[in-house]
Structure formats: C-alpha cells, structure tokens
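These are the residues of each chain, in order.
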Amino acid sequence: MEKRELTPKYDRHLERLLLTVQIDPTVKDKKEEFKRIYGPLLKAIPPYTKLEIVTSKVEPEEVKTWLKDLNVENRVRFHPTSHDLDIWSQDYAEALKVSGATAYLLPADLQPNPSGGPASAYDENWNYRSTTTETYHMTMIDALPLKQVNRARFFFEGGNVSFDKGPNGLRVFIGSNDIWRNIVNFQLKGTPKTVEEIKTIISEDFGGAEVIIMGDPKEKQHNGIFQIDQAFLKLDQQRVVMHKPTDPQNEVERTYVESLLKYKTQLEGLGYQVYEIPATCGELINGTARPGVLEVFASINAIPYVDKKTKEKCIIFPVFAEDLSVTPDGLNPLNPTELKGKGLAAYNLFLQLGYKPIPVLDNNGEHQGNTHCISNVLASVEEGTLEDEVSV
C-alpha cells in the first residue's frame, strides 16, 4: 500500500478550506441564511486561505454574489454537484497525503439492511444521517476539488475521528458509534469482523496509525456528543481542551456529564493533560427547544491552525448568543470585551495555552453542530495537486 500520512489539525495552516453549501429552497432570503451560517467563519479566516465550495441546489454565480460582502469572492473555486448535501463538510472526507500528494479519504458505503429495518447500517437512534449510497459517493468524488481520492475500507464520519502525534507515531481517535456502525456494516456485507479486525483496517487505511476507540463500541455515544469533536479538542504538546459541565437537571444532562467524565479519564490515562472550560449543562446542550432534537453549543468545536505567514498558533472557536455581552453584527470576529460566561472562559484558556483566540458567532447549534462541523481544513497543498487558479 502507498504511504499515507495525516497532519493533526493544530499543525495545519488553513491554506484551503472546504465547505459544502446547500441552502433550504424554502428560505425567503437565501443570502442572509448563507451569511448567518458561514459569514462569521469566512470573516475570520486568514487572508491567504483559499476556499473550495461544493454547491448543491444553488448556482455558483448566486453564491458568488453572497460572498462579496465577506471579501473572499476572489479566492473561491466552485464544485457543483446535483446530490442533496448538508452543511457538515467535516463528515464527508478526511484530508491526507498519499505518497506525498494531497488527497481525500472517503468513507466506505453503508450497506442496505435486507431485513427491512433502517435504510442502512445506521440505526435512526444512532445518528441523524439515515443513509449513504454508492451514487452519493461517486457524485462527491466527481465534485471534490482534489485530483486524488481514495476510498476507505471502513465507514467513518470526519467529526468522529481525531488525529494526534503519539509517542510511537500518529494516533487516530474514533468514536464508538463508528465502530458499532462498522460491525453492523461488515455483517450486512457478509464478511463479519471483530473489533480488533476493524481497528487493524482503520490503522492500515490511516497509514499505520495507532487506533484508540473513545468509549465502549457496545454503547452508543451520548446525543450531545454523537461525534467526538463535540467532546474534546486536541492541541499540541499532548494537551486536550474539554468542557466541564455542571448543574445537571435531568437524565439527559446527567448522562452527558458522565460521558464527558469517561472521556476525560480515558484521555488522562493516555497521558494527556486535560484543560476544562466550566459551563452549566444548560449552556452546552438544549433538548427543550425542538422536540426530538438536542441542540449543542460546544466552544471546543473549533479550528486550530498555525498562521502560514506569522507562524502564530491560532484557534477559531464558536461563541453563542448566551456567551455575548453585546449584540454583534453577526460577521466580524468578536473581541474579549464582548464575551461573557463560557465564551470568555474559552477565550482566556486558549490564550493561556499559547493560542491567539478568534471567537466567531455560531448559529448552527440548533442543527446539532458548530464551527468545526461546517468546515473541512485540507492538508498542506503541494504544487500540481490542485489547479493553481482559483476561479469563480
């Protein structure tokens, strides 16, 4: 197998950013909806960042006009697809290098369930996305901006995997939900695998990385952390940032606290130093706003990177309405005088850890995701891997 390498997010330079854009056609003001979802992030990225935007059911020329207010319209390349996408670009693929060239690793397809139950290896109680098909992935392969696309032999969601430098090389952390899905998926394929066999496949597809399963694969992840990027944030020097939830008021919140504590114990057992941002459970998850939906407001769902020009360590992180002491314009990066509560606590902690904090207003919690979820930072780009021109 060709050599495969992954760069931890905190070592990437945010040179290229992938977004998947689909705006609900029933929304009256599509421009304002686009700016509400993506505007704060796009105003915060470095001036050298180039954008790869996969569009679905919206014309690139229309998006181009929306981008003018954000001063990024001249560094965008569009990749239209006819497939029905969602905004969570983090989940669609993982950026890596294959034999020195930047590439994508796409997850394996989920098999249909012949018993007539859930549409695929997903159980409706395990995740929001109900099915993934070969047609979908082939469409994404056609649309993705990189020349080289590889298919994994296992299923994963990008928000449920995380990478770090371990004592013996690369480590890949994967949430237990994705292990469970692979157990079911291999069974449906007629090639059942044990957990250890699945770990071996994951390791090989990620270039021989050490595989660490977060949680018990026999247990589903809590709905408030159905992906591990909602539970913890890896930074350099074996450091991890998590929330420390307090004041649980019901069973959902109590089990949320227990789940995060288990993750903290597991990470500390691996030698990580865990730093915590205190917040009440009510500030982090909300199950009362919409029936059947657990809204998530995680400050650690963030984008760490090293500025390509200044070499400064930076972190773009989400703040929410209850974290603000003022009414923001919704676009400009915020400053610490405008923050309170867990937003200010996050700002101060990131500063303490040697990072330049860049807080941005996040309006995606109602959809169960935040700033990291809507973005996919590509690995460093070599000449010839992508076309040099950026076009709109």
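Just above, that's the structure.
Predicted model only: the values in this text are computed from it and were never measured.

(A) Looking closely at the side chain of Asp307. Among the structural elements, Asp307 can be located in the loop between strand E16 (303-306) and strand E17 (313-319). Here Asp307 sits buried without a salt bridge, and the closest side chain of opposite charge, Lys356, lies 6.5 Å off (N-O distance). Polar side-chain contacts of Asp307 include one of 2.9 Å to the backbone nitrogen of Lys309. The contact partners of Asp307, leaving out residues within four places of it in the chain, are His13, Tyr48, Glu312 and Cys314.

(B) Highlighting the pattern of salt bridges. Counting across every chain of the model gives 21 salt bridges. A salt bridge links Lys165 to Asp11; the shortest N-O distance between them is 2.6 Å. Residue Lys165 is located in strand E8 (residues 161-166), and its partner Asp11 is located in the loop between strand E1 (4-5) and strand E2 (16-21); the two are separated by 154 residues in the primary sequence. By relative accessible area, Asp11 is classed as partly exposed at 25%. Arg77 serves as the salt-bridge partner of Glu52, at 2.8 Å between the closest nitrogen and oxygen. Remark: Arg77 occurs in strand E4 (residues 76-81) and Glu52 occurs in strand E3 (residues 50-56); sequence separation between them is 25 residues. Per residue, the accessibility class of Glu52 equals that of Arg77, and both read buried.

(C) Quick look at the nonpolar core. Phe34, Tyr38, Leu42, Leu67 and Ile316 are the most contacted members of the largest nonpolar core, which totals 34 residues. Of all the elements in the fold, those that place two or more residues in this core are E2, helix H1 (30-44), E3, helix H2 (60-67), E4, E16, E17 and strand E18 (356-361). For this core, the element with the most residues is H1, which contributes six residues. Excluding residues that lie within four positions of it along the chain, Leu42 makes contacts with Leu19, Phe34, Leu51, Leu67, Leu70 and Val72.

Conventions and cut-offs
- Residues numbered from 1 in each chain as written.
- Predicted model: local features only at pLDDT ≥ 70, side-chain atom pairs only at ≥ 80, totals over all residues.
- Heavy atoms only, no water.
- Helix = DSSP H or I, 4+ residues; strand = E, 2+ residues; numbered from the N terminus.
- Buried < 20%, exposed > 50% of the residue type's maximum accessible area, 1.4 Å probe, protein only.
- Lys, Arg positive; Asp, Glu negative; His and termini not counted.
- Salt bridge = Lys/Arg side-chain N within 4 Å of Asp/Glu carboxyl O.
- Polar contact = N/O pair within 3.5 Å; in protein donor to acceptor, adjacent residues only side chain to side chain.
- Contact = heavy atoms within 4.5 Å.
- Core = buried A, V, L, I, M, F, W, Y, C linked by side-chain atoms within 4.5 Å.

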